[in-house]
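Structural features, examined
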Amino acid sequence: MSNEHIIIEGQHVTHAAETAGGHDHGHEHHEQHFIWKYIFSQDHKIIGRQFLITGIIWAMIGALMSVFFRLQLGFPDSTFPIMEKVLGEWAKGGKLSPEFYYALVTMHGTILVFFVLTAGLSGTFANLLIPLQVGARDMASPFMNMLSYWFFFLASILMFVSLFVETGPASGGWTTYPPLSALKEASLGSGVGMDLWLLSMATFVISSLLGGLNYITTVLNMRTKGMTMTRMPLTVWALFFTAVLGVLSFPVLFSGFVLLIFDRNFGTSFYLSEIFIGGKALPHIGGSAILYQHLFWFLGHPEVYIIMLPGMGMASEVLSCNSRKPIFGYFAMIISLVGITLLAFLVWAHHMFVTGMSPFLGSIFVLLTLLIAVPSAVKVFNWLTTIWRGNIRFNPAMLFALGFVSLFISGGLTGLFLGNSALDIHLHDTYFVVAHFHIVMGVSAFFGMFAGIYHWFPKMFGRFMNTSLGYIHFFITFAGAYLIFWPMHYEGIAGMPRRYYDYSAWESFKHFQGVNAFISIVATIVFFAQLLFVFNFFMSIFRGRRMTTLNPWGSPTLEWTTPIHPGHGNWVGEIPEVYRWPYDYKDDGHGNDFIPQTTPLRPGEEEH
């Protein structure tokens, strides 16, 4: 399909179409009520938007929390009246209370890791791109897809409500290790807020499983004619393996939460043993707090790649498209995804080197941890080779994709230190860990997400985001990411522990006060840059420059062959047939530098 393909706006599909399985899906044209079209929608594109907008709201809440606790860390002796206005009793006199400081740290981590970078990222782009890029009318089960969003929404409501309970939200750290999380009397944040946290996370896991099963089934069974697995874009491959990771690891986390709920409310002792409070022994014998760590991190490390893989897939797509070059090493990229997926399940205990683990067992996890750097390095090499001598377009999507690669490299290199059990004993639970995982998992995943939003925004809304605001957003965020997290490595090497409320009482850490103040100022500036992005996003939905061609970026993939405003069913008439791989960036003989997947092979032309 070329740019001259007929544009049909807002029209529902009225023709039966043949899918990969040979079934006819007829879609009757009828007007839907607003509630059924946009709220309880079963259209994968609308559900993707729901995940994205919910994720953006949560991202701003989570980021604002980090600004508040950074103000405490950067200026421990100062007061900020605005904090009392926003947080009320938890910031009397404009100073954060120690109890609520830990609650903010806990909720910030939970929200960003699970609600934004898992649901917001995978939920958005798996829903938007999988059916469009493999040539399907919708997900395998549109109803189950709708349920996945509404379970996520229910989890969001429960988590949001926990922010307003009298004793405060959960404050056991985003990992909620027992015994602190298992005993209601342990702290204020171990009360009702923790129960709501656990219920919310259990509901969130159900949402993730419903979505993941749907994504896997759609990729395996709903591809259009000619769309073999080796003709799928790397975005779809990445989202497919993300779903596999989630389906295999989230049930383990779910079981860990269920056992924790039992310990808290039903007198069991899965995680508790020989606990004394005020000199009095509690009736808990035989449990193991380390068991919870194994259950949590068996999900926790695949979770890193559940967050990273979608960004990797989207960065591959954006880098190739905006370099006007085929992706380098397509099959090596797929094999590296397989390697990452397999090894992600075998490295969880590198989070537990200081739990008293056998040194021999620790050495095995060191080896496996360092081994996972190999497929990651393959991807980095292929990204760099893809852009090498390319005809690069430096639009906002491309800049964020390049930023993703930069952050993934620099953050990944510090992982080599933490993967070594001898070094990790010194660095564990210090600011070195905070710096490492924020750069490699947090900020780089956000950069992949931003690259995807800027690139596929026209597909979602039929309009473009403002490019000038996109450039400002990128440069402030990119510079800010390094200015915030790079100094933390030096604090961590000096032994400065994370999650402490005030470091001014320690002679050994006092001299970092200037660094902490600098980090807090930069973090606040970067937060306001994200407000600029939010303004750009929502303004562009209604006032952005309209699309005038089907394929504004000149991409060979299938999603750009649908109408500008596709109805539920995506294509009018038959779904296009696929003849070639998704990265055919070469002269098509008609003045274009790319050949769409729907173009038949020319006489004498060999498939890639």
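Reading the values: rules and limits
- Residues numbered from 1 in each chain as written.
- Predicted model: local features only at pLDDT ≥ 70, side-chain atom pairs only at ≥ 80, totals over all residues.
- Heavy atoms only, no water.
- Helix = DSSP H or I, 4+ residues; strand = E, 2+ residues; numbered from the N terminus.
- Expected span 1.5 Å × (residues − 1).
- Polar contact = N/O pair within 3.5 Å; in protein donor to acceptor, adjacent residues only side chain to side chain.
- Buried < 20%, exposed > 50% of the residue type's maximum accessible area, 1.4 Å probe, protein only.
- Contact = heavy atoms within 4.5 Å.
- Patch = residues over 30% accessible without salt bridge, like charges linked within 9 Å, V, L, I, M, F, W, Y side chains within 5 Å.
- Areas by Shrake-Rupley, 256 points an atom, 1.4 Å probe, with all protein chains shown as cover.
- Salt bridge = Lys/Arg side-chain N within 4 Å of Asp/Glu carboxyl O.
- Phe/Tyr/Trp six-rings, centres within 6.5 Å; stacked < 30°, edge-to-face > 60°.
- Core = buried A, V, L, I, M, F, W, Y, C linked by side-chain atoms within 4.5 Å.
- pLDDT = per-residue confidence, 0-100.
- Axes fitted to C-alpha atoms, helices over the stretch in contact; angles between N-to-C directions.
- Parallel < 35°, antiparallel > 145°, perpendicular 65-115°, else oblique.
- Left-handed = near helix turned anticlockwise from the far one by under 90°.
- Nonpolar A, V, L, I, M, F, W, Y, C, P; charged D, E, K, R; others polar.

**Focus on helix H15 (residues 467–493)**
The terminal C-alpha atoms of H15 lie 40 Å apart, and with 27 residues this matches the ideal 39 Å at 1.5 Å per residue to within 8%. If you check the start of H15, you find a side-chain oxygen 3.0 Å away from the backbone N of Ser468, and it comes from Asn466. Phi for Gly495, located one or two positions after H15, is positive at around 95 degrees.

**A closer look at the side chain of Ser444**
Looking at the secondary structure, you find Ser444 in helix H14 (residues 431–461). The class for Ser444 is buried, based on a relative accessible area of 0%. In this structure the side chain of Ser444 is engaged in a polar contact, spanning 2.4 Å, whose partner is the backbone oxygen of Val440. Ignoring any residue separated from it by four or fewer positions in sequence, one finds Ser444 in contact with Met308, Phe404, Leu407, Phe408, His438 and Ile439.

**Observations concerning a nonpolar patch on the surface**
Residues Phe34, Ile35, Trp36, Tyr38 and Phe40 make up a contiguous nonpolar surface patch of roughly 510 Å² in combined accessible area. Turning to its location among the elements, Phe34 is positioned in helix H1 (residues 34–39).

**So, the environment of Thr599**
Here Thr599 lies in the segment after strand E6 (545–546). You can call Thr599 partly exposed: its relative accessible area is 26%. Separated by 21 residues in the primary sequence, Thr599 and Val578 have C-alpha atoms spaced 7.4 Å apart.

**Description of the packing of aromatic side chains**
Applying the stated rule across the entire model yields 68 aromatic pairs. Note on Tyr500 and Trp506: the rings are 5.3 Å apart at their centroids and 50 degrees apart in plane angle, and the pair reads as tilted. Residue class for Tyr500 comes out partly exposed when judged on its relative accessible area of 34%.

**As for the nonpolar core**
Counting residues in hydrophobic clusters, the biggest one holds 184 residues, and the most contacted among them are Phe114 and Phe537. No other element matches helix H4 (residues 98–134), which puts 22 residues into this core. Setting aside chain neighbours within four positions, we find Phe114 in contact with Ala119, Trp174, Met201, Phe204, Phe250, Leu253, Leu299 and Glu303.

**Overview of unusual backbone geometry**
Cis geometry is found at the peptide bond from Pro178 to Pro179, where omega equals 5 degrees. Tracing the backbone shows Pro179 in the loop between helix H5 (142–162) and helix H6 (192–221). Positioned with a positive phi, Arg389 is a non-glycine residue whose angle comes to about 60 degrees. Counting through the fold element by element, Arg389 comes out in the loop between helix H11 (373–387) and helix H12 (396–418). Here Arg389 falls in the exposed class, since its relative accessible area comes to 75%. In the Ramachandran plot, Asn570 falls in the positive-phi region, its phi being about 75 degrees despite a non-glycine side chain. Checked against the element boundaries, Asn570 lands in the segment after E6.

**Quick word on the confidence of the model for the protein chain**
Of the residues in the protein chain, 95% have a pLDDT of 70 or more, and the chain-wide mean is 91. When mean pLDDT is taken per element in the protein chain, H15 scores highest with 97 and strand E1 (residues 17–18) scores lowest with 36. Note on residues 1–29: pLDDT is under 50 here. Beyond four places in sequence and across chains, it has 60 contacts.

**Quick look at the packing of H4 against helix H8 (residues 289–323)**
Between H4 and H8, whose axes approach to 10 Å, the crossing angle comes to 45 degrees. As the angle between them shows, H4 and H8 are arranged oblique. Here H4 runs over H8; the crossing is left-handed. For the pair H4 and H8, contact is made by Val113, Phe114, Leu117, Thr118, Leu121, Ser122, Phe125 and Gln133 and by Leu299, Glu303, Ile306, Ile307, Pro310, Met314 and Glu317, respectively. A breakdown of the residues in the contact of H4 with H8 according to their chemical character gives ten nonpolar, three polar and two charged.

**Notes on the packing of H12 against H15**
Relative placement of two packed helices is described by the angle separating their axes and the distance separating the axes. Direction vectors running N to C along H12 and H15 enclose 10 degrees, while the axes themselves pass 10 Å from each other. Between H12 and H15, the crossing angle belongs to the class labelled roughly parallel. On H15, the residues that touch Pro396, Leu399, Phe400, Gly403, Ser406, Leu407, Ser410 and Thr414 of H12 are Thr467, Gly470, Tyr471, His473, Phe474, Phe475, Phe478, Ala481, Tyr482, Trp486 and His489. For the contact of H12 with H15, the per-class residue count stands at eleven nonpolar, eight polar and no charged.

**Observations regarding the pattern of salt bridges**
For the coordinates displayed, the defined rule picks out nine salt bridges. The salt bridge partner of Arg498 is Asp429, with a shortest N-O separation of 2.8 Å. Pair noted here: Arg498 is in the loop between H15 and helix H16 (507–510) and Asp429 is in the loop between helix H13 (421–427) and H14, with a separation of 69 residues, a long-range link. Using a relative accessible area of 17% as the deciding quantity, one classes Arg498 as buried. In this structure, Lys510 and Glu507 form a salt bridge, with 3.1 Å as the shortest nitrogen-oxygen distance. Highlighted residues: Lys510 and Glu507, both in helix H16, separated by three residues, approximately one helical turn. What makes Glu507 exposed here is its relative accessible area of 62%. Several salt bridges converge on common partners, so that one network encompasses Lys184, Asp195 and Arg264.

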